[in-house]
Amino acid sequence: MASLDRVKVLVLGDSGVGKSSLVHLLCQNQVLGNPSWTVGCSVDVRVHDYKEGTPEEKTYYIEFWDVGGSVGSASSVKSTRAVFYNSVNGIILVHDLTNKKSSQNLYRWSLEALNRDLVPTGVLVTNGDYDREQFADNQIPLLVIGTKLDQIHETKRHEVLTRTAFLAEDFNAEEINLDCTNPRYLAAGSSNAVKLSRFFDKVIEKRYFLRDGNQIPGFPDRKRFAGGTLKSLHYD
Amino acid sequence: MSFLIDSSIMITSQILFFGFGWLFFMRQLFKDYEVRQYVVQVIFSVTFAFSCTMFELIIFEILGVLNSSSRYFHWKMNLCVILLILVFMVPFYIGYFIVSNIRLLHKQRLLFSCLLWLTFMYFFWKLGDPFPILSPKHGILSIEQLISRVGVIGVTLMALLSGFGAVNCPYTYLSYFLRNVTDTDIVALERRLLQTMDMIISKKKRMAMTRRTMFQKGEVHNKPSGFWGMIKSVTTSAPGSENLTLIQQEVDALEELSRQLFLETADLYATKERIEYSKTFKGKYFNFLGYFFSIYCVWKIFMATINIVFDRVGKTDPVTRGIEITVNYLGIQFDMLAMQLTLRCFSALNQAQGITAASHSEAIQEEKKVSSCDSDEGEVLVPTHFLHSGWNNHCHVYQRTADHSYQVLLCHIQQ
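Residues numbered from 1 in each chain as written. Chains lettered and ligands numbered in written order. Predicted model: local features only at pLDDT ≥ 70, side-chain atom pairs only at ≥ 80, totals over all residues. Heavy atoms only, no water.

J.: So what about the overall build of chain A? Which residues, and what values?
T.: Tallying secondary structure elements over chain A gives seven helices and six strands in all. Counted from the first residue to the last, chain A has its helices and strands arranged as β-α-β-β-α-β-α-α-β-α-β-α-α. For chain A, buried positions account for 51% of its 236 residues. A sequence separation of at least 24 residues applies to 68% of the contacts in chain A between residues at least 6 apart. (Helix = DSSP H or I, 4+ residues; strand = E, 2+ residues; numbered from the N terminus. Buried < 20%, exposed > 50% of the residue type's maximum accessible area, 1.4 Å probe, protein only. Contact = heavy atoms within 4.5 Å.)

Here it is in structure tokens:
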């Protein structure tokens, strides 16, 4: 059972936007009763059927790495966080619909996570500002999720949703808006569930399948290189 | 006429401070958040503006800017407004916002916030019991009562803060306390952290698979909810969910370990940065300052202990004495009043450390000194019982001078 293939998805966002509640909802289909501050990183696993309903259906594990902290924290904390950004296959960016600043900080979050992966190849040309071209040729699929939808008043809903639509366009990503304390938003068959499924399929495809549909010969779950660099310690 | 000009100057400066407080709030304090209740921002900016205005008025007293009577009027007005805000508005709003966050009390939040405010007022009043604030000259419902209590809280807070700062500052600056951290340490710790995460992941995978098979077989995993649910779950439980709880406990322990490892790694990175910093010029300068401050800190602790044990009244602190001696030695002609006032301000700030315990005994001694000060000037707004002796030295020193205006000034400043 543990020999299924797996993919790693990061869940990033400001403090208090609802990442832990979201991950709990995605993996256990239950609402998180007592949310508390995430120190370091908390992981959860979801079993996902790739290409459900077709003959090529295959089950994968999706690991959600929910990294805590704020984007403006000390550089020591940032360096420590960077250890979790190794070999990421997908990124979920979470922001709070009631707080505009958390949406703006998503740019910095994505740069922090993406730059970490670029470092080994030596390509690090950014002064921290948002650069659209960087997202254009980005290979890692992104998904933007807005939380606390229930706290937005009906009258303001339209303008908030247009703003988030622009945000998702900037990242070249799909977007989902929901309320993490209500499992009905992700009920099977709803448009949100379909988008989520599509995102997971995309992540799995990018990782395991080449352009022409052939499967990349997969390595077994873990391979430890003695004395290797940090990246190869978590080779998948 | 001059009163109008003075008032307009004061009001413009107040508006400037208000704007500055507003900007500071928006740019620094609420950098990552959105302001939902503008009341908070307004109250913050108003408190900031009035505090800065009081400070500005003191400077004006020293420099002699503006008309004396208009200064006096503005001072009284400022004092009343600040007391109103500090004692009535801010605690009430704090209570109101706390109560609004609790779902249960949401309906009657006004009532509960009033109750909270009354509790606060009770404890606030009780605060003045150990101190001889009630004097026959001023009634019980006078402004002195409020200011004295606010002063007690303020001086205690400052003493705590400066005590903490005195110890924390050398510890942060000195490079003597830095552990030696190498890159290999950090890499080893990170490796352990990732291994722990991998273990957590494999356990969670087992749990997810178990849950999925249970779901497919049609068993529903019920979390024991409520009292009867818990009693039932003691006797009957499906084997699958038993497994889950066991694995969940292991996962909890591993997660705690991963948190500790994360914090340790962050600590190591921070120490490494400090080591890098201490090698720079600025780092070396702060290291030197650290040694100086640690000696100063030890001296202050020693003197405070002596003061408390022997029930002495502390005079000036070493820094003020040092500055006085240097000034006299160099023979520089300063405006004596301005110099003395700034020195006394500095010494008051310094001597607030750890002498609040002794201030009670001092306060009784000060009673006599203050009453003599009182008798010369009809309108002393605040008794100085709770302030330490440094301030009252002023009163003595300047009573010796014949100049009446100095006395007036000092009795005002002693508010």
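J.: With reference to specific residues and values, describe the nonpolar core.
T.: The biggest cluster of nonpolar side chains holds 40 residues, and the ones touching the most others in it are Leu10(A), Leu12(A), Trp65(A), Phe84(A), Ile91(A) and Phe171(A). With eight residues, the top contributor of residues to this core is helix α6 (residues 183-217) of chain B. With residues near it in sequence (within four places) discarded, Phe84(A) still touches Lys8(A), Leu10(A), Gly40(A), Cys41(A), Trp65(A), Val67(A), Leu193(B), Met197(B) and Phe262(B). Formed by 33 residues, the second largest nonpolar core is a distinct cluster that contains Val11(A), Val17(A), Val23(A) and Ile152(A). (Core = buried A, V, L, I, M, F, W, Y, C linked by side-chain atoms within 4.5 Å.)

J.: So what's going on with the sheet that holds strand β6 (residues 174-177) of chain A? Which residues, and what values?
T.: Strands pair in a sheet through their backbones, by hydrogen bonds, and they do so in one of two ways: parallel or antiparallel. Residues and elements named next belong to chain A. The sheet built from six strands is open, its strands ordered β2-β3-β1-β4-β5-β6 with mixed pairing. The sheet terminates laterally at β2 (41-50) and β6, the two strands that pair on one side only. Averaged over all neighbouring strand pairs, the angle between strand axes comes to 25°, with direction disregarded. By the bridge criterion, four bridges tie strand β1 (residues 6-12) to strand β4 (residues 90-96) in an arrangement that is parallel. Among the inter-strand pairings, valine 9 is bridged to a residue of β4, identified as glycine 90. Along the sheet, helix α1 (residues 19-28) makes contact with β1, β2, β3 (58-67), β4 and β5 (142-147), crossing β3 at roughly 165°. Most of the contacts of helix α6 (residues 191-208) go to β2, to which it runs at about 95°, and overall it touches β1, β2, β3, β4, β5 and β6. (Pairing = 2+ DSSP bridges. Axes fitted to C-alpha atoms, helices over the stretch in contact; angles between N-to-C directions.)

J.: So what's going on with the packing of aromatic side chains? Residues and values would help.
T.: Enumeration over the complete set of coordinates arrives at 20 aromatic pairs over all chains. When the centroid spacing of 6.4 Å and the interplanar angle of 15° are considered together, the rings of Phe44(B) and Phe48(B) count as stacked. With a gap of four residues between them, Phe44(B) and Phe48(B) both fall in helix α2 (residues 38-63), about one helical turn apart. The class for Phe44(B) is partly exposed, based on a relative accessible area of 27%. An aromatic cluster is defined as three or more aromatic residues linked by ring pairs; in this entry it consists of Phe20(B), Phe24(B), Phe25(B), Phe30(B), Phe44(B) and Phe48(B). The residue whose ring lies beneath Lys8(A) is Trp65(A), and the NZ or CZ to ring-centre distance is 4.1 Å. (Phe/Tyr/Trp six-rings, centres within 6.5 Å; stacked < 30°, edge-to-face > 60°. Lys NZ or Arg CZ within 6 Å of the ring centre and 35° of its normal.)

J.: Could you give an account of the interface of chain B and chain A, naming the residues involved and the relevant values?
T.: Quite often, the size of an interface is put as the accessible area lost when its parts meet. Residue-level contacts link 31 residues of chain B with 36 residues of chain A. Between chain B and chain A the total buried area reaches about 3,400 Å² when both faces are included, carbon and sulfur atoms providing 59% of it. Run the count over chain B and chain A and you get three salt bridges. Lys204(B) is the partner of Asp44(A) in a salt bridge, and the nearest nitrogen-oxygen pair spans 3.9 Å. Each residue belonging to the side of chain B that touches chain A can be placed in one class, and the counts come to 13 nonpolar, three polar and 15 charged. (Buried area = accessible area lost by both parts, 1.4 Å probe. Salt bridge = Lys/Arg side-chain N within 4 Å of Asp/Glu carboxyl O. Nonpolar A, V, L, I, M, F, W, Y, C, P; charged D, E, K, R; others polar.)

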